[in-house]
Amino acid sequence: MSSATPTTPEQDALLRAGIDRSLRHPVMFFLTSGAAWLAVSIVLGIMASAKVHSPEFMSGCSLLTYGRVFPAHINALIYGWGFQAAFAVIIWLMARLSRKECTAAGIILAAGHVWNLGVAMGVVGILTGFSTGMPWMEFPAFAWPVLLISYFAIVIWSFIQFRVQPEGHVYISQWYILAAMIWFPWIFITANTLLHCLPGHPLMASGINAWYKSALMFLFFTPVALGSAYYLAPKVTGRPVYSYSLAKLGFWSLAIIAPWAGMQKLTGAPIPYFMPYLGAAATVLLFIPAIASAINILRTMMSSPETLAASPALRFTAAGIGGLALLGFSGVLLNLPDSTLPLTQFSLSGYGFEILALYGFFSFVMFGAVYFIVPRVTRREWLSRRLIKIHFLFSVYGIIAIVLFAILGGFEQGIGQEDWKQPWQSAADRAFPYAVGTTLAWCVILFANVFFFIHLALMWLRLGRRSSHPTLLAIHHSTVSPHGEEGDIDNAGPGSMPAH
Amino acid sequence: MSLRNFILGLSASFGIAWLAMVVVPFIKMRNLEPIHLTEAVDGATGIFFPKRTGRIANGAEVYAQNGCYLCHTQLVRPTYAGNDLYRPDWGGLKSDGDRGDTRRETNAYDFYGEKYAQIGVVRMGPDLSNLGRRVESIYAVGKNPNDWLYAHLYNPRMSPERWKSTCPSFRFLFTEQKIKGSRSLDALPFGGGEDFELVPDSDAKALVSYLMSLKKDQPVPVALNFSPVKKVK
């Protein structure tokens, strides 16, 4: 039985190979269909962003009006790419860390198809004019029970794996993933029942929606990404996590602070006064878990600088964790009541902050995980170091540009909005150049991801390199092949592969 | 730490915030206490009831489906949270013909008849809290305000002073139809031709009716009025 604790390195490697094999189809399904949704979302994002400054761009048809393309873009990014990448990471990491083979791959795969169907119907629903008009919950109301049921069918097995794992150490990654698995349904059921099923005050509905957006960012995407980073950093470098108490501080401060955040979007609205202020305070305080986790993970990676330079998985994860630090810093910068909050409450900065969270932090960490997981489950190595490098560099350029244009442009716009002596047009004029810049930045991100999509599709077709040498980014000056000497034809044989 | 303690810890840290920020305020705000008017200060007796007319529920749906909330807000913040009240036509009118300065901040009764308050995401365009009043008193003086809104929705850049507007055109909410007998009453003054006319669809009519219901001209009871005393002309 594979559940017996392995004693020798060979048995251990066999167990890992068995886990990877058992999850190959669900993981590859989530990653490839997630990547396809990412492509859809980026193309819609470019269209939406172009319409902000050139309203006549593709304006002939009702399907492609800004008010439908933009929600389709953001919902495809969240539910199409974000959640599916998270599912792949959750099921794979939990199986590896609990040392259990997955016995429900078929059910997970079927539920994954249902999830995709739900997202597809939702996006089509938005484009054909059935949007609910609640940010991040624009899918028509039929979609949420479908998503919820398939969510349970996908992650419940990971929960069971954790319950039945042999006695032993619980890793910090498991804490994060378990927490995300519990928080998400709680948040999702709360928001959807209160907004769709129970009549309430319209302003409170709006407040709950703002809370939902923030909770989804900080209590689902953040813990999944941190779980992945806390796994990869020690695994790839082969060094222990820098500080265990810092990891605990990061986890519990996130758990305590994040549920209060979000309602600062309603500052000045006639809801109980404490709510927007607590929301703003909590978003500012999220600096603590962000910095604690970022320092801890980056210090762990720095313990082996040569691995950090060579491993694509670590490089993407490190960039994503840099994004987390920046996210914590922007949370402080954007949400100070009486100084910056009036400027950013209704400006482009909010979008910049969300894209920083979803792409600059979460997606980068997910890319890191993809570069680590895919060779293991497909038993093929990535084809080209150059494709990985282009994906990395242009993604970094693109996200830095979006963050600069949207967050800083949002300040410019906010200053114009607050300048009540000037006509309204002056606020719109101030935002114009930054809107153009955001469109260009999305084009750069599309360019970067084209290489990712091609590379991932080739891996999915099992056209990766059959080699025992991982594809590393560092160039070694040697006379042999840049990938090292050719080893045995099939990799991942017992004990043949060092972590990379 | 055992799984049980871990889940208890998560439930406590999340549950307290969940109750305090979401569940209890939701229940408390479901039924707001009625505001009693007093003769001495409000000049009326009974209970304050927000007045709003138009196809609010239908129009709010069209507003949501076409993403108006992505660029327009419906929130006039008090001065501690922003400068919205100083704009001459956002929270009311700076110089209303009979009543002087009618500007006020948004109150909890302004969204009467809607399921979801479209506070909005980004202000790419102006706040719409007082749009109905603004169109009547400023944009379409002496004309039919509905016609002004139809023309604006059809092409927001038609008027020369709005050439820079980045509002999308909602041409798809209008239909070109053959004129049978005389022209329709709500046909647009342009487009079509000798035999054809451009008329708003049912969605456009609902949307315009909803937009015209966005007014802040009803006097509010003193209990809801936080503005400093203003000079009445």
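Cut-offs used in this document
Residues numbered from 1 in each chain as written. Chains lettered and ligands numbered in written order. Predicted model: local features only at pLDDT ≥ 70, side-chain atom pairs only at ≥ 80, totals over all residues. Helix = DSSP H or I, 4+ residues; strand = E, 2+ residues; numbered from the N terminus. Rg over C-alpha atoms; globule rule 2.2 N^0.38 Å. Contact = placed C-beta atoms within 7 Å. Nonpolar A, V, L, I, M, F, W, Y, C, P; charged D, E, K, R; others polar. Domains from an automatic or database assignment. Expected span 1.5 Å × (residues − 1). Buried ≥ 20, exposed ≤ 12 C-beta atoms within 10 Å, placed from the backbone. Bend = angle between axes of the 7 residues up to and from the residue. Core = buried A, V, L, I, M, F, W, Y, C linked by C-beta atoms within 7 Å. Axes fitted to C-alpha atoms, helices over the stretch in contact; angles between N-to-C directions. Parallel < 35°, antiparallel > 145°, perpendicular 65-115°, else oblique. Left-handed = near helix turned anticlockwise from the far one by under 90°. pLDDT = per-residue confidence, 0-100.

1. Focus on the overall build of chain B
- For chain B, the count of helices and strands is six helices and four strands.
- Secondary structure elements of chain B occur, N-terminal to C-terminal, as α-β-α-β-α-α-α-β-β-α.
- Relative to the globule expectation of 17 Å for 233 residues, the C-alpha radius of gyration of chain B, 22 Å, shows a markedly less compact shape.
- Principal-axis analysis of the C-alpha atoms places the extent of chain B at approximately 80 × 55 × 35 Å.
- Residue pairs in contact within chain B that sit at least 24 positions apart in sequence constitute 66% of those at least 6 positions apart.

2. Digging into the overall build of chain A
- Scanning chain A from N- to C-terminus turns up 16 helices and zero strands.
- For 500 residues, the compact-globule estimate of 2.2 N^0.38 gives 23 Å, and chain A sits close to it at 23 Å.
- Dimensions along the principal axes, computed over C-alpha positions, put chain A at roughly 75 × 50 × 45 Å.
- Residue pairs at least 24 apart in sequence account for 82% of intrachain contacts in chain A once pairs closer than 6 positions are excluded.

3. With respect to the interface of chain A and chain B
- The interface is formed by 63 residues belonging to chain A together with 52 residues belonging to chain B.
- Element by element, the count of residues in the side of chain A that touches chain B is highest for helix 7 (residues 202-237) of chain A, at seven residues.
- By residue class, the composition of the side of chain A that touches chain B is 40 nonpolar, 19 polar and four charged.

4. Concerning the domain arrangement of chain B
- Domain boundaries assigned for chain B yield domain 1 (1-31) and domain 2 (36-224).
- Using only C-alpha atoms to locate each centre, domain 1 of chain B and domain 2 of chain B end up separated by 39 Å.

5. Re helix 12 (residues 312-334) of chain A
- With 23 residues, helix 12 of chain A should cover 33 Å at 1.5 Å per step; its first-to-last C-alpha distance of 32 Å lies within 8% of that length.
- Of all the 23 residues making up helix 12 of chain A, 17 are buried; the element is thus mostly covered by neighbouring parts of the structure.

6. Considerations on helix 1 (residues 3-30) of chain B
- At B:Leu19, helix 1 of chain B is deflected by roughly 45°, the largest bend along its length.
- When helix 1 of chain B is considered as a whole, its buried residues turn out to be B:Leu10, B:Ser13, B:Phe14, B:Ala17, B:Met21, B:Val22 and B:Pro25.
- Packed against the buried residues of helix 1 of chain B are helix 6 (172-197), helix 7, helix 8 (244-257) and helix 9 (274-285) of chain A.

7. Description of the nonpolar core
- Core analysis: the biggest nonpolar cluster contains 217 residues, and A:Val27, A:Leu31, A:Val89, A:Ile90, A:Ile91 and A:Phe221 have the highest contact counts within it.
- The residues that make up this core include at least three from each of domain 1 (1-31) and domain 2 (36-224) of chain B.
- Apart from residues no more than four positions distant in its own chain, A:Val89 is found in contact with A:Val224, A:Ser228, A:Met366 and A:Ala369.

8. Things to note about the packing of helix 2 (residues 24-53) of chain A against helix 4 (residues 105-127) of chain A
Residue and element names in this part refer to chain A.
- It is the contact of helix 2 with helix 4, at a shortest axis distance of 9 Å, that shows an interaxial angle of 15°. On the basis of their axis angle, the class for helix 2 and helix 4 is roughly parallel. Helix-helix and strand crossings are classified by hand; for helix 2 and helix 4 the assignment is right-handed. Packed against helix 2, whose contacting residues are His25, Pro26, Phe29, Phe30, Ser33 and Trp37, the element helix 4 presents Ala105, Ile108, Leu109, Gly112, Asn116 and Val119 at the interface.
- Among the residues making up the contact of helix 2 with helix 4, the classes are represented as eight nonpolar, four polar and no charged.

9. Some words on the environment of A:Arg430
- Here A:Arg430 is to be found in helix 16 (residues 425-460).
- Once residues within four sequence positions are removed from consideration, A:Arg430 is found in contact with A:Glu412, A:Gln413 and A:Gly416.

10. Some remarks on the confidence of the model for chain B
Residues and elements named next belong to chain B.
- Per-residue confidence for chain B gives a mean pLDDT of 91; residues scoring 70 or more make up 97%.
- When mean pLDDT is taken per element in chain B, helix 6 (residues 202-212) scores highest with 97 and helix 2 (residues 39-42) scores lowest with 84.
- For this predicted complex, the interface confidence reaches an ipTM of 0.95, while the overall pTM sits at 0.94.

11. Things to note about the confidence of the model for chain A
- Of the residues in chain A, 94% reach a pLDDT of 70 or more, and the chain-wide mean stands at 91.
- Between residues 484-500 of chain A, whose pLDDT stays under 50, and residues either more than four places distant or in other chains, the model counts 38 contacts.

12. What to know about the packing of helix 7 of chain A against helix 12 of chain A
Residue and element names in this part refer to chain A.
- At a closest axis distance of 10 Å, the pairing of helix 7 and helix 12 adopts a crossing angle of 135°. Looking at the two axes, helix 7 sits oblique to helix 12. Crossing handedness for the pair helix 7 and helix 12: left-handed. From helix 7, Ala225, Ala229, Leu232, Ala233 and Val236 reach across to helix 12, where they touch Ala313, Leu314, Thr317, Gly320 and Ile321.
- Tallied by class, the residues present in the contact of helix 7 with helix 12 amount to eight nonpolar, two polar and no charged.

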